[in-house]
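# Observations on the model geometry
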Amino acid sequence: MKVTIDNITLEVEQGTTIMQAARQIGPEIAPPAMCYYEPLKASGGKCRGCLVKVTAGSEKDPRPMPKLVPACLTQVQDGMIVENTINEEVLETRRGIVEFLLLNHPLDCPVCDQAGECHLQDFSFEHGVSNTRTAEERNTFEPTDLGPNIQLHMNRCILCYRCVYTADQITDGRVHGVMNRGDHAEISTYIDKAIDNDFSGNMIDVCPVGALTDKTYRFKSRVWFSKPVEAHCSCEKCSGQVTLWYKGDEVIRVTGRKNEWGEVKEFICNTCRFDRKKTAEWTIEGPTQISRHSVISANKYGANLIQPAFPISQAARDYKLINDDRDRSFLKDQIKLEAKK
Amino acid sequence: METKNTIVFPAETLDLVQKIMKRYPEGKHKSAILPILHLAQAEWKWCSPEVMDYVASLLSIAPVEVYEVASFYTMFHLEPVGEHVIEYCRTGPCCLMGGVEVYDHLKKRLGIQTGETTSDGKFTIKEVECLAACGWGPVFQIREKFYMQLTAEKVDQIIDELSK
Amino acid sequence: MKILTEQIDVPGIETIDVFCKHGGYQAVEKAIKKMTPDEVTEEVKKSGLRGRGGAGFPVGMKWSFLAKPEGIPRYLVCNADESEPGTFKDHYLMWKSPHTLIEGMIVSSFALGANTSYIYVRGELMYVIHILEKAIQEAYDKGYLGKNILGSGYDLDLYVQPGGGAYICGEETALLESLEGKRGNPRIKPPFPAVKGVWQCPTVVNNVESIAATSWIINHGGDAYAAIGVGRSTGTKLISASGHIRKPGVYEIPLGITVEDFIYSDEWCGGIREGHKLKAVVAGGSSVPILSAEMILNTVDGEKRLMTYESLSDGGFATGTMLGSGGFIVMDETTCIVHNTLTFARFYHHESCGQCSPCREGTGWMDKVIYRIEHGKGRKEDIDLLVDVAKKIEGNTICPLGDAAAWPVAAAIRHFRDEFEWHIEHPELAIQPGAVYMRPGASWAQ
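Starting afresh in each chain, residues are numbered from 1 along the sequence in its written order. Lettering for chains starts from A, numbering for ligands starts from 1, and both go in the order in which the items are written. Only residues with pLDDT of 70 or above have their local features reported here, since the model is predicted, and side-chain atom pairs are shown and tallied only from 80 upward, although totals for entire chains, interfaces and linings are computed over all residues.

### Some remarks on the overall build of chain C
The criterion, for reference: Numbering of helices and strands starts at the N terminus; helices are DSSP runs of H or I of at least 4 residues and strands are runs of E of at least 2. Partly exposed residues are those falling between the two cut-offs: more than 12 but fewer than 20 other C-beta atoms within 10 Å of their own, whereas 20 or more means buried and 12 or fewer means exposed, with C-beta atoms placed from the backbone. We call two residues in contact when their backbone-placed C-beta atoms lie within 7 Å.
Each helix and strand counted, chain C has 19 helices and 11 strands in total. Relative to its full complement of 446 residues, chain C shows a buried share of 60%. Excluding contacts between residues fewer than 6 apart, the proportion of contacts in chain C whose partners are at least 24 apart in sequence is 71%.

The following block contains the structure:
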């Protein structure tokens, strides 16, 4: 079926969401996703960052949808027309969402391990405004440990629920969850319980902000000073397909491999993540293709050489035939001159 | 406040729990969580982690599922409370009827602020939102009982009665 | 004209014997013995009955959307999580006359083909839950509930489910989540409950008053019900009247009486309390826009406003409001609109489930800003900030709680901006106990 997003029309399969269709076009068109995470079932719909305008519901029923809809959960209908980056209402709403998310989010990026690969940083850079209108104090929580290797900074949490879905879907028993409600809601085990599970470390990878961080990596480096390398090992628990993050010769962090949307391709086990930090334990495959969410994509390994299809389609869209039927004979000499140059 | 050492419902409550669980389709007995939490709170006054773990075991669900639910709904006391929990409505219509003054009187009379318990463990005051009795405000609730059209004098009477 | 509360003051009406003596359960006999489920639905459609919980969606139409796949059970869930500030009609009805609701539940369940139904009552009304449970037991004993009702082969089990203290569970999908034993986080729609409701089965959720009205409709016919009222506002409506009036309470009115009559007639509110003047009214529960005395009594065209869905919303939000759930809060000239708005903003801040960011963060923000203004710490830019925050919440949330939180703040500023400005410009006056700004020339200020 056909869908048009920001004047670019493409053909997608039935059941595709607006988000998936937009991602097929390219990152410039894809709406931001703070809570939606494709590998996790039931994720999405909560942050409202991906709200888009549907100006025509479908070929059959071309009425516009009255409210903005979440791109991550709304399925494409044949002939649907969507406006994302070209709709002022969408952009204005998105400015509001950034403001809401930052209302209780500390601006402690200078000491946050997520800085440089934080989706909220990107979101506020792309859609936020430079001034602040709030005079209110932020809600604060004390940092807590969720077991020996994971630290929770609830102050930074934006309640995307991704870690809850991860625990439900990837691990064999969830012991943490969302307690309380409203702006007092928090991620917690309620009583001081360690999250002790072979796959719990994946909560760190799915966290869009620095709320869940790897204690074995804590304050070791700024992410842009580390070099990511693809590696694997034969692991009895998981695929063993990881990204190693080097500082000099030292492996300072192990994460799952992520796609260009910052989503983990294959979840890895805690042994690979927290305990295998020697090069000798890994087979190195080569440098990592960096997610666009990482600041290091700017200057390493040619990740930035991968050209998305978008600029090409954009150029094609903007190309206009120039009506040039006028008499150009008087330019004869000049054209000859130009040609000689 | 200590909870009892062994947290087990009395036999007749356990029967009731079994009956409640049968109100829902096969395998959907998690629905019984709110009714059972109410029974547990009636039994042990507040929902301590041990009480919630017991509720989880009755329903064969993970304890965290009970914590999540109990902390979402405001009726469940997650901290120890006094013998009588006075929950007064602070929303607009009750305020129009002079609620603020009446509640101030209540706090003064008991010598405690909202969220606190008197030193003798008799009374706890909690602030709640609309109790659906706006026409009969100001109003507060102690356990299941509603006290309506409150005045300072009425508050004194009620406290006197309950202090006996 | 009374339909639901005609016999509410009859002594013993809460018992099934007295209730039956006064014509109770005739609708069950008629529907189950003489009608098909589709005929019952048809009568309700004809009646034009609209959802009484606040949204006003036609009940018969909602019923006809119910998916009916083979072999999958369907459910009727009664929404008795009445928590909207200013609204206490369902509380009153269930407390005084539980069988009125139970009879309606049986008729409605029969129409929908539901064999198990639930009444979700807010947990604070535990004493009402006990009243309902006793009444349900009586209905079982008389054979109106259980297996093979009145020998018809139709089975129905009816249970009461207590809530736990959460306004949000009045939103139908949050209510279903809560009924499933989860946190009351509203679901993202679609799918709608009519297709995937409780336990992923087709479900209809209706307000207490809507369900209770179906028995009368079956007894007297949909046309008779539609003959009451004006235009698309048919039948009667329970109005919860509170605030500065002589006779607060629950009144059953035929839709279409004038607002003026409702406030000043001795049959209803009996006028503003002695020695005071009408300043403002919130006509349909805390979430609907507040209107000043002039605006609530008359439309912009100078016509008398009626107690109907259409007339109250005449003029849109610029000059109108909504009938909502019928929580009619009356304020006289002693009322500080800023303080009243603060209690509403605080309410929505407290009741937001926290799932989606505009509502979670925005409700708290508005609460804190209004708190500052009320306490003499307002900034000039705060008023426009509130308007903008309200605008950014409205329409962008998962469920209507965001709208419900935004509307009262936006409307209070729209119609009483001068009061907010006065608080900001004269903090030393505004923080005095009982201080109220008097708008020069306003009808209540004279």
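### Structural notes on the packing of helix α15 (residues 337–351) of chain C against helix α18 (residues 401–425) of chain C
All names here are of chain C. Selection rule: All axes are obtained by fitting lines to C-alpha atoms, using only the stretch in contact for helices, and the reported angles, taken between N-to-C directions, cover 0 to 180 degrees. Between 65 and 115 degrees an angle is taken as roughly perpendicular, under 35 as roughly parallel, over 145 as roughly antiparallel, and anywhere else as oblique. If you view the pair so one helix is near and one far, a crossing is left-handed when the near helix is turned anticlockwise from the far one by less than a right angle, and right-handed when it is turned clockwise. Any residue outside Ala, Val, Leu, Ile, Met, Phe, Trp, Tyr, Cys, Pro, Asp, Glu, Lys and Arg is labelled polar, Gly included; the first ten of those are nonpolar and the last four are charged.
As a packed pair, α15 and α18 sit with axes 9 Å apart at the nearest point and diverge in direction by 160 degrees. Our classification of the angle between α15 and α18 gives roughly antiparallel. Where α15 crosses over α18, the handedness of that crossing is left-handed. Of the residues in α18, those touching α15 at I337, V338, T341, F344, A345 and Y348 are L401, A404, A405, P408, V409, A412, F416, E419, F420 and H423. Residue classes in the contact of α15 with α18 are distributed as 13 nonpolar, 2 polar and 1 charged.

### So, the pairing of strand β9 (residues 278–282) of chain C
Residue and element names in this part refer to chain C. What counts here: Being paired, for any two strands, means DSSP has found at least two bridges between them.
Of all 5 residues in β9, 5 are buried; the element is thus mostly enclosed. With 4 bridges joining them, β9 and strand β11 (residues 327–332) adopt antiparallel strand pairing. Across the sheet, the residue bridging to A280 is M331, located in β11. Judged from the 3 bridges that link them, β9 and strand β10 (residues 290–292) form a sheet pairing that is antiparallel. Bridging across to β10, V281 finds its partner in L291.

### Quick look at the domain arrangement of chain C
For an interface, size is often stated in terms of accessible area lost upon the parts coming together. Residues and elements named next belong to chain C. Threshold: Domain start and stop points were drawn from an automatic or database domain assignment.
Under the domain assignment, chain C is made up of domain 1 (16–227), domain 2 (237–332) and domain 3 (337–445). Distance between the C-alpha centres of domain 1 and domain 3: 36 Å. Contacts between the two partners involve 10 residues from domain 1 and, on the opposite side, 9 residues from domain 3. Here the side of domain 1 that touches domain 3 is composed, by residue class, of 7 nonpolar, 2 polar and 1 charged.

### Description of the nonpolar core
Across soluble globular proteins, you tend to see nonpolar side chains buried next to one another. Threshold: Here, a nonpolar core means buried Ala, Val, Leu, Ile, Met, Phe, Trp, Tyr and Cys residues linked by C-beta atoms lying within 7 Å of one another.
Grouped together as the largest cluster of nonpolar side chains are 260 residues, with contacts concentrated most on V55 of chain B together with V77, V281 and V330 of chain C. The leading source of residues in this core is α18 of chain C, at 13 residues. In contact with V330 of chain C, not counting residues within four places along its chain, are A241, G243, H244, I245, I263, C269, L278 and V281 of chain C.

### Structural notes on the interface of chain A and chain B
With 12 residues of chain A at the interface, the matching set in chain B holds 7 residues. Residues that form the side of chain A that touches chain B fall into these classes: 5 nonpolar, 5 polar and 2 charged.

### A look at the domain arrangement of chain A
Residue and element names in this part refer to chain A. What the domain assignment lists for chain A is domain 1 (2–98), domain 2 (104–131 + 138–219) and domain 3 (220–306). Summarising the inter-unit geometry, the C-alpha centres of domain 1 and domain 3 are found 31 Å apart. Between domain 1 and domain 3, the residue contacts involve 5 residues of the former and 5 residues of the latter. For the side of domain 1 that touches domain 3, the class distribution of residues is 3 nonpolar, no polar and 2 charged.

### Quick look at the sheet that holds strand β14 (residues 283–287) of chain A
All names here are of chain A. In space, the 4 strands of this open sheet follow the order β13-β12-β11-β14, with antiparallel pairing throughout. One side of each edge strand has no neighbouring strand; the edge strands of this open sheet are β13 (250–256) and β14. Each neighbouring strand pair of the sheet contributes to a mean axis angle of 35 degrees, computed without reference to strand direction. Bridge count for strand β11 (residues 227–232) against β14 is 4 bridges, and the pairing is antiparallel. Residue pairing in the sheet places V229 in a bridge with P287 of β14.

### Brief notes about the environment of Q26 of chain C
For Q26 of chain C, the location among the structural elements is in helix α2 (residues 26–34). Separated by 73 residues in the primary sequence, Q26 of chain C and H99 of chain C place their C-alpha atoms 12 Å from one another.

### What to know about the interface of chain C and chain B
Between chain C and chain B, the contact holds 45 residues from the first and 34 residues from the second. Taken together, the residues of the side of chain C that touches chain B break down into 18 nonpolar, 20 polar and 7 charged.

### Concerning the sheet that holds strand β3 (residues 140–142) of chain B
All names here are of chain B. Spatially, β2-β1-β3-β4 is the arrangement adopted by the 4 strands of the open sheet, whose pairing is mixed. Single-partner strands in this sheet number two, and they are β2 (123–128) and β4 (145–147). The mean inter-strand angle of the sheet, taken between neighbouring strand axes irrespective of direction, is 25 degrees. Of the pairings in the sheet, the one linking strand β1 (residues 84–89) to β2 comprises 6 bridges and is parallel in character. Across the sheet, E87 pairs through a bridge with K126, a residue of β2.

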